[in-house]
Amino acid sequence: MSSIVPRLAVVAAGAMGSAVAKRLTSAGCTVHTNLDSRSEATRKRAQDAGMIDLSIDELVLKSDWILSILPPKDALSFAEKIQEVAARHESALSSPRTFVDCNAVNPETVKRIAALFAGTSIKFVDAGIIGGPPEGDRDPTFYASAEDVRILDEFTALSEYGLKISPLKGEGVGIGDASALKMSYAGITKGTTGLYTAMVLAAHASSPATADALMRELRMSQPILLDRLVKTVPPMLPKAYRWIGEMEEIADFVGESEGDVYRGLAKVYERIEKSIAGDQEDIATLINFVEKAEKLR
């Protein structure tokens with residue numbers, strides 16, 4: 001392990017960000033964050049992870065690495081804020097900083113974010129996180145790409161501090177490729193979860209008996225699909241609000257009319273978000289379907 005322990009910032013202290021921070025602090029790193037306007041639950045997660053709350057200005061001045069782990073819709077505005085603060089304190093930044101965008105955004109979005117730091121002292125790494133928050137022996141993989149191989153290698157070296165980092169290297173690889181990988185993977189995994197959700201709700205809208213018959217047929221002819229549905233739909237429910245923007249980013253990544261598939265899935269997740277905040281009828285339908293399916297196993 002390097003004798004110089006890196007100073008990092010992780011924003012925000014959500015489920016993923018706080019768990020990543022916990023890995024880093026457990027390895028001896030100092031991890032900063034910003035808790036302005038954050039909920040008590042977020043503050044508690046940050047405290048439990050050993051994160052230090054700083055203003056955005058202090059965060060930029062005191063961190064060697066800034067990891068952006070946010071809902072997709074907030075990725076660009078946060079990067080703009082960091083760029084503005086860094087420009088304001090340019091003379092006080094004695095060593096280079098690196099901004100790592102770890103958000104579920106499409107390659108064009110991440111290139112726009114990278115462009116904010118072009119010609120500045122802030123270096124840039126494109127990273128896509130695949131997998132759930134670190135827990136026990138389980139770690140998500142940070143797939144990373146960059147234009148500067150040296151910076152990419154330095155980021156990869158953070159593996160010494162509890163992160164699982166896989167650099168993308170090869171001819172033509174650069175900023176946008178890690179995000180493209182994330183979009184492709186999430187398009188398959190979260191896309192199919194959205195498809196399961198839409199079809200269960202549509203079958204139930206026809207009649208509860210239709211949904212029950214669908215369940216029995218899946219058990220007989222497609223048991224692997226039904227098992228996957230049972231495993232993926234319940235944990236999706238509290239995260240649906242985050243997946244709306246992710247589906248929209250994937251739609252732009254796919255492009256043309258084919259991307260409309262994912263715009264439709266964004267609407268599915270928006271429906272789930274509204275159900276959670278409203279009458280929860282759709283939530284009850286999905287949970288009931290899953291509970292019945294589990295009894296068939």
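For the structure itself, look to the data block above.
Below: a short report on this structure.

The rules behind these values
- Residues numbered from 1 in each chain as written.
- Predicted model: local features only at pLDDT ≥ 70, side-chain atom pairs only at ≥ 80, totals over all residues.
- Heavy atoms only, no water.
- Pairing = 2+ DSSP bridges.
- Helix = DSSP H or I, 4+ residues; strand = E, 2+ residues; numbered from the N terminus.
- Phe/Tyr/Trp six-rings, centres within 6.5 Å; stacked < 30°, edge-to-face > 60°.
- Buried < 20%, exposed > 50% of the residue type's maximum accessible area, 1.4 Å probe, protein only.
- Core = buried A, V, L, I, M, F, W, Y, C linked by side-chain atoms within 4.5 Å.
- Contact = heavy atoms within 4.5 Å.
- Salt bridge = Lys/Arg side-chain N within 4 Å of Asp/Glu carboxyl O.
- Expected span 1.5 Å × (residues − 1).
- Arc of directions from axis to C-beta.

**So, the sheet that holds strand 2 (residues 30-33)**
So, point 1. With mixed pairing, the eight strands of this open sheet are ordered in space as 3-2-1-4-5-6-7-8. Looking along the sheet, the strands with just one partner apiece sit at the ends: strand 3 (52-53) and strand 8 (164-167).
So, point 2. Sheet topology places strand 2 next to strand 3; two bridges connect them, and they run parallel. Across the sheet, Thr 33 pairs through a bridge with Asp 53, a residue of strand 3.

**Re the packing of aromatic side chains**
So, point 1. Counting across every chain of the model gives six aromatic pairs.
So, point 2. For the pair Phe 99 and Phe 124, a centre-to-centre distance of 6.2 Å together with 15° between the ring planes defines the contact as stacked. One end of the pair, Phe 99, is in strand 5 (residues 97-101); the other, Phe 124, is in strand 6 (residues 122-130), and 25 residues separate them in sequence. In this structure, Phe 99 and Phe 124 share a single accessibility class: buried.
So, point 3. For the ring pair Phe 117 and Phe 124, a centre distance of 6.3 Å and an interplane angle of 25° mean the geometry is stacked.

**Notes on the nonpolar core**
So, point 1. Leu 229, Met 236, Met 247, Tyr 269, Ile 272, Leu 286 and Phe 289 are the most contacted members of the largest nonpolar core, which has 33 residues in total.
So, point 2. Of all the secondary structure elements, the ones that give two or more residues to this core are helix 7 (177-206), helix 8 (208-221), helix 9 (223-236), helix 10 (240-254), helix 11 (260-277) and helix 12 (281-296).
So, point 3. For Ile 272, the residues in contact, after removing those within four places along its chain, are Thr 197, Leu 201, Met 236, Leu 237, Ala 240, Ile 283 and Leu 286.
So, point 4. Grouped together as the second largest cluster of nonpolar side chains are 31 residues, Leu 24, Trp 65, Ile 129 and Ile 165 included.

**Examining the pattern of salt bridges**
So, point 1. According to the stated counting rule, one finds 18 salt bridges in the structure shown.
So, point 2. Note that Asp 252 and Arg 263 form a salt bridge whose closest N and O atoms lie 3.3 Å from each other. Taken together, the residues Asp 252 in helix 10 and Arg 263 in helix 11 connect sequence positions 11 residues apart.
So, point 3. Since its relative accessible area comes to 48%, Asp 252 is described here as partly exposed.
So, point 4. Arg 263 gets classed as partly exposed once you look at its relative accessible area, which sits at 34%.
So, point 5. With a closest N to O distance of 2.7 Å, Asp 260 and Arg 263 form a salt bridge. Note that Asp 260 and Arg 263 are positioned in helix 11 at a spacing of three residues, about one turn of the helix.
So, point 6. Here Asp 260 falls in the partly exposed class, since its relative accessible area comes to 44%.

**Remarks on helix 8**
So, point 1. Over its 14 residues, helix 8 extends 20 Å from the first C-alpha to the last, a length consistent with the 20 Å expected when each residue adds 1.5 Å.
So, point 2. Three or more residues of helix 8 are buried, namely Ala 211, Met 215, Leu 218 and Arg 219. Across the axial projection of helix 8, the buried residues extend over an arc of 100°, all falling on one side. For helix 8, the exposed residues set more than 90 degrees away from the buried face come down to Ala 209 and Met 220.
So, point 3. Looking at the buried side of helix 8, the elements it contacts are helix 7, helix 9 and helix 12.

The values are spatial; any link to function lies outside them.
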